[in-house]
Structure formats: structure tokens, C-alpha cells
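# Structure at a glance
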Amino acid sequence: MGEQPIFSTRAHVFQIDPNTKKNWVPTSKHAVTVSYFFDSTRNVYRIISLDGSKAIINSTITPNMTFTKTSQKFGQWADSRANTVYGLGFSSESHLVKFAEKFAEFKEAARLAKEKSQEKMELTSTPSQGGTVKRNVLSVNKPVIKKESAPGDLQSPLTSESINGTDNDRVTPDTPQHPEARAEPSQNALPFSHSSSSINKHWEAELAALKGNNAKLTAALLESTANVKQWKQQLAAYQEEAERLHKRVTELECVSGQTTGIKSQKTELNRTIEELELALKAKEEELERLKAEVESANEFRSQRDSLTQRLQETELRNQTLEAQLTDLEQRLESSQLEREAFRKSLRSLLELLDSKIFELNELRDALAKLLEGS
């Protein structure tokens, strides 16, 4: 009756596999209460955890024990008396740090208690000489600091992610590449051909962006559907667990003369039910968010269809404009040929006119000479 709890926390309890000495074996289906106890009659510290009426941890802290943190939420220590290694998985790193600090504190207290008991034994066993008793004074102001190391070759195969679950891997859809740009129009094209090409490029870029958004929304929709199925299964499992725990609580309440262990188990079950209810509420909110995302994806699909139809109409109009442009280019080429022929005929007429003018000048000069001679 002199043993009282001095610190308690909640964690998942594991023990090392006695056959392989490498793998962890869970000894509790869910998080249980792990407590430090102090026995004032024997002056010892113990770590005790109960799963129902079964003691899954009963470890006496000795000065040569070492608590090792193998990850952010997992720690372990070896108990040579029980011939096993205990492992604890916590819900947060702060709980692990607090448990480790308490382990070091009680380990130091156990060391000091052991030194005091040895000192008393030496005092009782040392004979008195001349009324003077020689005592061995042990220094308590300078505790021995031992370097923490993992026991043997044991490694923690469980991390915080394996205890609390891992996030589903997200798949990012590939961004569709933009279609190849059209060839630039020739230098002889008319001005409105540039506007047609710019409109076409604008709609192509808009279509490429819509295709990329559509691919992303499709991937998100598929991922959301898979997550919804998985969460529905988890919700069903949580509901079954909650019903089982409610039945268990009812059975425990009906039992007369409940012991302290049963009352603590009832408290643990109530906490577990509250945690499950919070998890159910969070999953329901997540389902509502996913439904909203699906509705937005449907709206984006309708917008994509309308823009695709408009793009098709623009492509038909662009084809008509290209046909008109080809006709105008042909007409321009024929007009240029006619202009060249007209220029050649004008040049020949000018040359002929120049020759006639030259002959008339010569004739005038000859007539002027005849008039002067007469």
C-alpha cells in the first residue's frame, strides 16, 4: 500500500520479439496509461502499465538502465530482470521528452538511494576503533554521467509515422505542353492576317491552360475518390470500435465492487471514445470539403466544354480567313505581273519617243542651217 503513482502518460506499448530480437510486438491494441510508481517501503521506482487487468509493463528502474529515443515519438529501454526490451510510441515529441526526463530523474534517484543503502551497510559492517568510526563519504554533488546508448544491436523498427499513420502519397499530374506555334506569315501578307494569327495563338494558349487545369482536376478527383473510400473504411472501423467500447463501458458499469484498475480502464475507454468521436468529426468535415471540390471540378468541366466549342468555331473562321488570304495573295501576284508588263511597255514607248525627239532636233538644226544659207 506504500506504492503511489507519481507521473502518468499515455503511449502505445511494445516488447521486443524474443525469437528474432529485432522486431517489435505490440502488447496493447490502443494507447494505454504508463505510470511511474514509488515504493516508499523498499525505496524503489517502477514503471507499470495495465491493459485491462493484465500488467503489460512491470519494470523496476535501476541505475544501469538507459532510456533511448530512437525517433521523434518512440523510445525504448532494456530490462535485464524481465529479460526483454520495452518500447513506447507517443502521440507527440513533447510527451516523449517529458517521459525521458522523468526516467533520468528517477534513475538518478535510484542511484542515490542505492549509494545511501551501501553507505549504511558499510557503516554497520565497519568496527569501531577507539570510539572513532571511519565512514566512507560518497559525493552526491557530482553524479556520474553515463553516455546513453542503445542496448545491444536492437534498433527500433517502428517510427512515429508507423504508429500515427502516414500521409497518402500525392501524385502530381504532368503539365501538358503547349502546342507548336504556327509558322510566321510571309512579308507580303496583308495586315489582318497578323490579327488572325494572334487570335489563334491566344485561343490555343487558353486551350492549353484549360487542358492543364483539367488534368490536375481529374487527378485530384481520382485521389479524392480513393481517399473517400479509405476514409469510409476507417470511419466504419472507428464506429465498430466505438460501439465495442460503449458495450465494454456498460459491462464495466454493471459489475459490482469495481476495483481501482477497472475504474482506470473505464477512464481510458472514455478517453478513447472521445478521441474516436473527434476523428469521426474530422473525417466528416474532410468529406464535405471533398464534395465541394468535386462540384467545382464539374463546373470547370462545363467551362472547358464551352470554350472547346468556341475554339472550334474560331478555327472554322480562321480557315475561312486563310482561304480569303490565299485568294488575295494570288490576285496580288497577278496584279504585280500586270504592273511589270505595263512598266516594260512604258519604257519601250519612252525609248521610241526619245529617238523621235532626237530626229526632230536634227531636222530642226538642218532647216535652220538652210535658212541661214539662203
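Quick look at the structure, then.

Conventions adopted
- Residues numbered from 1 in each chain as written.
- Predicted model: local features only at pLDDT ≥ 70, side-chain atom pairs only at ≥ 80, totals over all residues.
- Heavy atoms only, no water.
- Buried < 20%, exposed > 50% of the residue type's maximum accessible area, 1.4 Å probe, protein only.
- Helix = DSSP H or I, 4+ residues; strand = E, 2+ residues; numbered from the N terminus.
- Pairing = 2+ DSSP bridges.
- Core = buried A, V, L, I, M, F, W, Y, C linked by side-chain atoms within 4.5 Å.
- Contact = heavy atoms within 4.5 Å.
- Phe/Tyr/Trp six-rings, centres within 6.5 Å; stacked < 30°, edge-to-face > 60°.

### What to know about the pairing of strand β8 (residues 84-89)
The buried count for β8 comes to six of six residues, which makes it a mostly enclosed element. Here strand β1 (residues 3-16) runs beside β8; their pairing, made up of four bridges, is antiparallel. Counterpart to Gln 15 in the pairing with β8 is Tyr 86. Connecting strand β7 (residues 74-79) to the antiparallel partner β8 that follows it, the hairpin turn spans four residues, and Asn 83 within it adopts a positive phi of roughly 55 degrees.

### A closer look at the nonpolar core
In this structure, Tyr 36, Ile 47, Ile 57, Trp 77, Leu 88 and Phe 99 are the most contacted members of the largest nonpolar core, which totals 23 residues. Looking at this core, the elements with two or more residues in it are β1, β3 (32-39), β4 (44-51), β5 (54-60), β8 and α1 (93-125). The leading source of residues in this core is α1, at six residues. If we ignore the near neighbours within four places in the chain, the residues touching Ile 47 are Val 34, Ser 35, Tyr 36, Ile 57, Asn 58, Ser 59, Ile 61, Trp 77, Phe 99 and Phe 103.

### Considering the packing of aromatic side chains
Evaluation of the coordinates by the stated rule reveals 14 aromatic pairs. Plain terms: the ring middles of Tyr 45 and Phe 106 are 5.1 Å apart, the flat faces sit at 10 degrees to each other, and that makes the pair stacked. Remark: Phe 106 occurs in helix α1 and Tyr 45 occurs in strand β4; sequence separation between them is 61 residues. By the burial criterion, Tyr 45 is buried, and Phe 106 matches it. Both rings, one in Trp 77 and one in Phe 99, keep their centres 6.3 Å apart while their planes meet at 40 degrees; by these two values the pair is tilted. Taken together, the positions of Trp 77 in strand β7 and Phe 99 in helix α1 put the pair 22 residues apart, joining distant regions of the chain. Taken as a pair, Trp 77 and Phe 99 share a single burial class, namely buried. Grouped by ring-pair contacts, the aromatic residues Phe 7, Tyr 36, Phe 38, Tyr 45, Phe 67, Trp 77, Tyr 86, Phe 90, Phe 99, Phe 103 and Phe 106 constitute a single cluster.

### So, unusual backbone geometry
Unlike most non-glycine residues, Lys 21 shows phi in positive territory, near 60 degrees. Relative to the helices and strands, Lys 21 is located in the loop between β1 and β2 (24-26). In the Ramachandran plot, Asn 43 falls in the positive-phi region, its phi being about 60 degrees despite a non-glycine side chain. By secondary structure assignment, the location of Asn 43 is in the loop between β3 and β4.

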